[in-house]
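Architecture and fold: a report
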Amino acid sequence: MKHIAKCVRHFLLLLFTIHCSLFTISCGPDSDHFEMSGQFKGFNQGELYVYAADGPSQKLDTIAIVNGSFEYSAVLDGPRTYVIVFPNFSELPVIGEPGQEVEIEGDASHLKEVEVTGTKENDALTAFRLQTSQMTPPEMSKAAEEFINKNPQALASIYILNKTFIQDETPDYDKALELATVIMKASPENHAIAKLKKQLEGLKNFKEKGQLPKFTVTDIDGKTVSNVDLYAKINVISTWASWNYDSQNAQRKLKRLEKDHGSQLKFLSVCLDADKKECRKNMDRDSIKWHNICDGRMWETPILGQLGLYFVPDNIITDSKGKILAHSIATNQLDKKIEELLK
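Figured I'd write up the structure that's included with this text. (Residues numbered from 1 in each chain as written. Predicted model: local features only at pLDDT ≥ 70, side-chain atom pairs only at ≥ 80, totals over all residues. Heavy atoms only, no water.)

**A word on the packing of aromatic side chains**
Within the structure shown, the criterion is met by 9 aromatic pairs. With a centroid separation of 5.4 Å and 85° between ring planes, the pair formed by Phe40 and Phe86 is classed as edge-to-face. Here Phe86 lies in the loop between strand 5 (80-85) and strand 6 (91-96) and Phe40 lies in strand 1 (residues 33-41), a separation of 46 residues in the sequence. Each member of the pair Phe40 and Phe86 is classed as buried. Judged by centre distance (5.3 Å) and plane angle (55°), the ring pair of Phe128 and Phe147 falls under tilted. Of this pair, Phe128 sits in helix 2 (residues 120-132) while Phe147 sits in helix 3 (residues 137-150), and the two are 19 residues apart along the sequence. With relative accessibility at 4%, the residue Phe128 sits in the buried group. A connected cluster of aromatic rings, assembled from ring pairs, spans Phe40, Phe43, Phe70 and Phe86. (Phe/Tyr/Trp six-rings, centres within 6.5 Å; stacked < 30°, edge-to-face > 60°. Helix = DSSP H or I, 4+ residues; strand = E, 2+ residues; numbered from the N terminus. Buried < 20%, exposed > 50% of the residue type's maximum accessible area, 1.4 Å probe, protein only.)

Here's what the structure looks like:
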């Protein structure tokens, strides 16, 4: 009997252990992990890319789609804004928080209607995206301003501020600075918004001066380049990164302009990649031969602050004497603007 009782106790203990294990699994990710999973109708096999827009590293990760489903996990020490990049280069923002998990569902043919659920931040951001998906730019700006004023403490507000008033075809830096100040008051300890506010203030002061500052830097090939090397009729300094398609597209447009106009143009590019090899790979792929700055320091690259370049993509266009002719021209308007200035 004692032997039977002992076996029963061991069996009950085993059941308890299994139950505890299952309970732990069902509770979701560990306290320092963020997980997202989901499925897309009409997208059975393939790859997505993802990067942390406000993280210490913006290197692209790959997400495999298998039988229409995917999973992704990351270790976080604080909230992050992730951006999922689809094969057609559409982007989907996802707010990541330690210890949380989200579900993503939608139709690959209607990416604007993809839903991200599981946390208050993502529920709010999804509601905003769905609400504004068919709006005109003025309506979108009004809705974004209302969202930010009602939710200044939300991480989603920083993404919406950036996307609507900065990374737009017609940036509104004054409104961006106004709303950044609102967010800053609600979240004074948020380093991301503090940095963005400082950048916007610096950009305003820089634009008012109207002259390219003096600088000397070393490019990816170890060659020295300075402001005096930009003596062509039109000169363009631009930022790009391997994890940002729009900025790569801008570099390809510059390449075509160089082919058409030759010595009338000079370019200097600043790559925000953390990995110089990734920068070099993209340069070789697109046959980019002009000076490229890539020191692996990403947003801490000194020349960015010197020149008031705070975004990707971003640009400055000057004449042969360093006078600033244009700043922060949208990629889809960049070649047109340069053609106009060359006339």
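Past the structure itself, the notes keep going.
**Some thoughts on the sheet that holds strand 3 (residues 61-65)**
Across the sheet, 4 strands lie side by side as 3-2-5-6; this open sheet has antiparallel pairing. Only two strands of the sheet have a single neighbouring strand rather than two, namely strand 3 and strand 6. The average angle at which neighbouring strand axes cross in this sheet is 30°, direction not considered. Inspection of the sheet shows strand 2 (residues 46-52) paired to strand 3 by 5 bridges, in the antiparallel sense. (Pairing = 2+ DSSP bridges. Axes fitted to C-alpha atoms, helices over the stretch in contact; angles between N-to-C directions.)

**A few points about the sheet that holds strand 15 (residues 324-327)**
Within a sheet, adjacent strands bond to each other through the backbone by hydrogen bonds, running parallel or antiparallel. With respect to topology, 5 strands assemble into an open sheet ordered 13-12-11-14-15, the strand pairing being mixed. This sheet does not close on itself; its edge strands, each paired only once, are strand 13 (291-293) and strand 15. In this sheet, neighbouring strand axes are inclined to one another by 15° on average, regardless of whether the strands run parallel or antiparallel. Where strand 11 (residues 234-240) and strand 14 (residues 314-318) come together, 5 bridges link them in antiparallel fashion. Bridging from a neighbouring strand, Ile237 pairs with Ile316 of strand 14. Relative to the sheet, helix 7 (residues 245-261) contacts strand 11 and strand 12 (265-271), its axis offset from that of strand 11 by approximately 155°. Each of strand 11, strand 12, strand 14 and strand 15 touches helix 10 (residues 331-342); the most contacted strand, strand 14, lies at about 5° to it. (Contact = heavy atoms within 4.5 Å.)

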